[in-house]
Each structure stands twice: as structure tokens, then as C-alpha cells.
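Structural overview for review
Chain by chain, the residues:
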Amino acid sequence: MNRIRLVAVVFLALTFSAVLLADFVAPAPYAKQFREAPNAAPSAKHLLGTDDLGRDAFSRLLYGSRVSLLLAPAAALLSTLIAACIGGLAGYLGGWFERAALAATDLSLSLPWLFLLLTVRALLPLNIAPIASVTITFALLGVLGWSSSGRVICSGARAIRQSDFVLQAQALGCPPHRLFFKQVLPNLQPVLSAQFWTSIPIFIIAEANLGVLGLGVSEPLPSWGNLLRGLENWPEVKASPWKLMPIVLLVAVVSCFQLVFQKRENLAS
Amino acid sequence: MWLRALPKHFLRLALTILLGGLLGATLVRLAPGFGVDERELDTRLSTQSIEALRQSHAPQNNIFAYYRGYLVGLFRGDLGFSTSLARPVSELFAERLPVTLRSVAVGVAAGWLLGFFLALPSIFFRWKAYEVFTAGLSGLFISLPAAILGLGLVYAGGPASLAIALVVFPRVFQYARNILLQSAHLPHVLAAHARGLHSTRVVLCHVLPNAAPLLFALAGISVSMAFGAAIPIEAICDYPGIGQLTWQAALSRDLPVLVNVTLLITIITLAANSLSDLASTAFARPRL
């Protein structure tokens, strides 16, 4: 199993390197049209062919992967920070604040996430610039995706609050804010780290679902979500199977994340 | 014991309806473009007519008056009017909710059958090939967005409930397998094996009763998962349920529909979670 995990780590490292270096690796900018070659088959010039607008599919895949793979961790960081603030404080302070925070978490967890995401996304303007759509999509993922992490972090903070070293620090007269920042938060680091890494594949899949529904990142900026919309034309996909590459890459990356970070999550929990 | 928990669950549901309604009304009230009437752009209208139009929306601008109106309507069963479909929201719900409830029920049942019965052999046997196969299969389906599963089902000609089942099954499999394995390694279960009790009897009398509370909790969560998956699947499969309605409403910014759908789904999933909680409480007895 360790060998499989190693392969997954290498694959993730290669994919991240390729998307970070997309400006150098991609043969063309993601929006550049080769009007003489729409729907072209793979060739030396276009490794994955072109789409129906004549844009290089390999370049779009690289840039789209960059959007999804860089912004999903950013959204995961945001949600982990929110969860750390709410869950960490709730677990540390206890009492009515913990009860109120857990009630809010339960309410948030009982609601199917995609419904909430769609409702809040629709409340914001839909026809916006691509960069704004990227920001809104991933900011929403981060802001709305904290609840399950919050619950785990809360129980972790509660366990630390009841531990001997915290009781001793309190007995020695350590002020509460110092105790929280110097003792509780550093000891929550394994839980926070596990929540961060496990949130990334969840956000990647959520963005893909939003993108397929036309509520994610707007064209011409590519992301895995809007690249997957190309699969809606099945006869075309059947005739040119290389168009399945975005879904193959997404499944491979999400599976690798799960393989690599499942053990970390188990250890933290 | 579970009877004592019943009022608490009812109170939680009532509070959710109240708070959810208030939250929904606030979201609608604060959304960009609220209270703007497109008819104001009509060049044929005079200044007085435009002013009259604005005055007709004036009561809605007071956030508290708007709350009160929304809540009174909510308790009378008036869920508002869909701006994109030009029909009462309650009428749309009456048409579409049974469709979604049916597909979600079938999807959850099929997902549980598949997930649970793939997890069950893990406590009897230690076949490496089986573990690799089931882990690979659940890993593959957990990595696929629900919309892509829906798309696959459209091309394969399968029902929407099957796509929901394929979303639910890998989560059920992974959690159920862990829960069952934990139960199977409890000291009294090992002692029962050591005393020569038949494996089937050990599982039925000792492993499953111990795992039951957690499995019931998982059942509650799987309802929420299924409703979440219903949106992209119904939208892609062109299935006339609540999921498709939500997607259409989101694309056309039909806020009355969206807010009421969110509230309705919250109530359904909370009710499912409360039921699973009550079942967990009823089964949570030491069986040593």
C-alpha cells in the first residue's frame, strides 16, 4: 500500500508542477483560437486536439487544472481557518458558546451542501467577469464548507481544554488568550492539517459539479468544471475519446489525494 | 428513552423552520437587484407611473415588515410566486417533490444495499483481492462528480435513482466497513469467536447490534447526500424533480423558489436525521 501511496505522491507532484508551469508548458494561451482547425484530432501541434472554437485542448486542460488545483487549496485554507476560529473557540471556551456553535454546525450539516451553495451563488450576480466568477465560486466554497471541519476541530479543542497541561497552565495563571494561541492552537495543528487536506478533493468535486451546471467559473477562463461541460455532447466524445481527458485527470487527482491523505485523516481523528 | 428525546427533536424542527424562514427572507431581501422592477425601464411609462411602481414595492423595503409578511405567508402555506415559471411555489412543490422523494428513496435504498453488502464480507474474510477491488470501486465512484455520473446514466439509458445510488454507495461502503470492522474487533466479539460461536451468529447477535447506532446515524446522513446529488443528476437527466427546479431557479435567479426549496430540503433532511437519531438512541444499549 505504501508503494501505491508513493506513486500517488509522485503523480500529484508532477501534476502540480505541470499546472504551476502552465505558462511555459502549454503550447498556446488558453483563449487563443486556431480558427483553421476547430475540433482537430490530437497531433504534434495540438497534443489533445482542439475544441469546437479551435482552442488548444491541452493548454486549456493545463490552465483549467491550475485554476482548480490552486484555488481548491485556497478555499480549503479559508474553510479551515473559519472552522478553526469557530470550532477551536467553541471547544476551548465551552458553555453556551460551544452549544450555540454546535447548533449552528448541526443546522449547516443537515442542509445538503450543494443546495446552499446554489442558493447563495444565485443570490449574487451571474453575468460577471471570469476572474470575479472564480473568486466568488471558490470564496463561497470556503465560506460555506467549514461546518464538518468545525465539528471535528471543536471536539479536538475540547479534549485539549480538558487535558492536564492546559489545567496546569490555567492553575499557573496563564491568561486565556495566551493559552489559546500558545497551547491550544499549536496542539490542534494535526487536526487542522487533516481537515485542510481532506477538504481539497471535496472542493474540487464541488467546483466540477457547479461548473457542469453552468454556475461555476465563466468562459473563456477554463476550470475542470467548465471543461467537463464538453462531455455533454456524447456522439462527439464517442468519436474523439481524448475529450475524456479532463474527467480522467480529475478522477486521478482526487483519487491520489484520497490515497495520500486518508491515513493522515485517520491518524488525526 | 427515545420517547423522551422526541419533544427535543420536534422543537429543533420548529426552530429550524422559524430560523430558516428568517434566514431565507434576509437573503432574498439583501440580494442585489431586490425590489427592482423591470417595468421601470419601459420608456412608455410616465414619471408618475414609475413612482407608483416604486411605491408599490415600498412595504418590502422595510426588512421587518418583509419578515413578517414572509413568515405569515409561510405559516398559511403561501410560499410565494415563482418569478421565472410564473406559478405559485407551493404548486411547483406539489408537482415535483414526489418525483424527487421517489428517486431519492430508491437511490438511498439501492446505495445502501450495494454499500452494506459489499462491506459485510470484510468482517468474515480477509481476501486481499476483494479489499483492493472494493476499495478501488468505491474510490472511483467517490472521485466522480455527481453531474458526470448523471451524464453517464443519460448515455447508458439508466434511471436517475441509479446515479443517486452510485453517489451514496461508496460513502456507505467506506463508513459501514469501518464501523463493522471496529465492532468485529471488540473484546466480547473476539471472545465469542474464541468460544466457538458460529460466525453468522456472532455477526447477527454481537457485531450488528453494536454497530447499529452508528449505522442509523449514517443512514440519516445518506439522505442529505442523496438530496445533494439530486440537483446535478436531475438537471443533467432532465428529470422533473426538485433538483431540476433548483437548478432552473438558480440560473434565472428565482429567489422565492430557491429560498423555499432550501428550507424544504433542510426540513426533510433534519427530519431524516432526527429519525435516525431516535433509532440510534433506541438501539444504543450495551449488549455485553
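Residues numbered from 1 in each chain as written. Chains lettered and ligands numbered in written order. Predicted model: local features only at pLDDT ≥ 70, side-chain atom pairs only at ≥ 80, totals over all residues.

**Here's the deal with the overall build of chain A**
Check the secondary structure of chain A and you find 12 helices and zero strands. Taken from the N to the C terminus, the helices and strands of chain A come in the order α-α-α-α-α-α-α-α-α-α-α-α. Structurally, chain A occupies a C-alpha span of about 75 × 45 × 30 Å along its principal axes. Per-residue burial over chain A gives 44% buried out of 269 residues. In chain A, 70% of the contacts between residues at least 6 apart in sequence involve partners at least 24 apart. (Helix = DSSP H or I, 4+ residues; strand = E, 2+ residues; numbered from the N terminus. Buried ≥ 20, exposed ≤ 12 C-beta atoms within 10 Å, placed from the backbone. Contact = placed C-beta atoms within 7 Å.)

**Section: the interface of chain A and chain B**
Taken together, the contact pairs 32 residues of chain A with 36 residues of chain B. Elements that contribute at least two residues to the side of chain A that touches chain B include exactly α4 (95-110), α5 (113-123), α9 (176-212) and α12 (245-268) of chain A. Broken down by element, the side of chain A that touches chain B gets its largest block of residues, nine residues, from α5 of chain A.

**With respect to the environment of L69 of chain A**
Residue and element names in this part refer to chain A. Mapping L69 onto the fold places it in helix α3 (residues 57-93). As a C-alpha pair, L69 and F24 span 45 residues in sequence and 17 Å in three-dimensional space. Setting aside residues no more than four positions away along its own chain, L69 makes contact with F16 and V19.

**Details of the confidence of the model for chain B**
Residues and elements named next belong to chain B. Residue-level pLDDT values for chain B average 82, and 88% of them are 70 or greater. By mean pLDDT, helix α1 (residues 2-30) is the weakest element of chain B at 71, and helix α4 (residues 89-119) is the strongest at 92. Model confidence for the complex is summarised by a pTM of 0.83, with the ipTM given as 0.82. (pLDDT = per-residue confidence, 0-100.)

**As for the packing of α3 of chain A against helix α7 (residues 147-161) of chain A**
Residue and element names in this part refer to chain A. The geometry of α3 relative to α7 is characterised by a closest axis approach of 7 Å and an angle of 40° between their N-to-C directions. Classed by the angle they form, the pair α3 and α7 counts as oblique. The chirality of how α3 crosses α7 is right-handed. On α7, the residues touching S79, T80, A83, A84, I86, G87, G88, A90, G91 and Y92 of α3 are S149, G150, R151, I153, C154, S155, G156, A157, R158 and R161. Grouping the amino acids of the contact of α3 with α7 by side-chain chemistry returns eight nonpolar, nine polar and three charged. (Axes fitted to C-alpha atoms, helices over the stretch in contact; angles between N-to-C directions. Parallel < 35°, antiparallel > 145°, perpendicular 65-115°, else oblique. Left-handed = near helix turned anticlockwise from the far one by under 90°. Nonpolar A, V, L, I, M, F, W, Y, C, P; charged D, E, K, R; others polar.)

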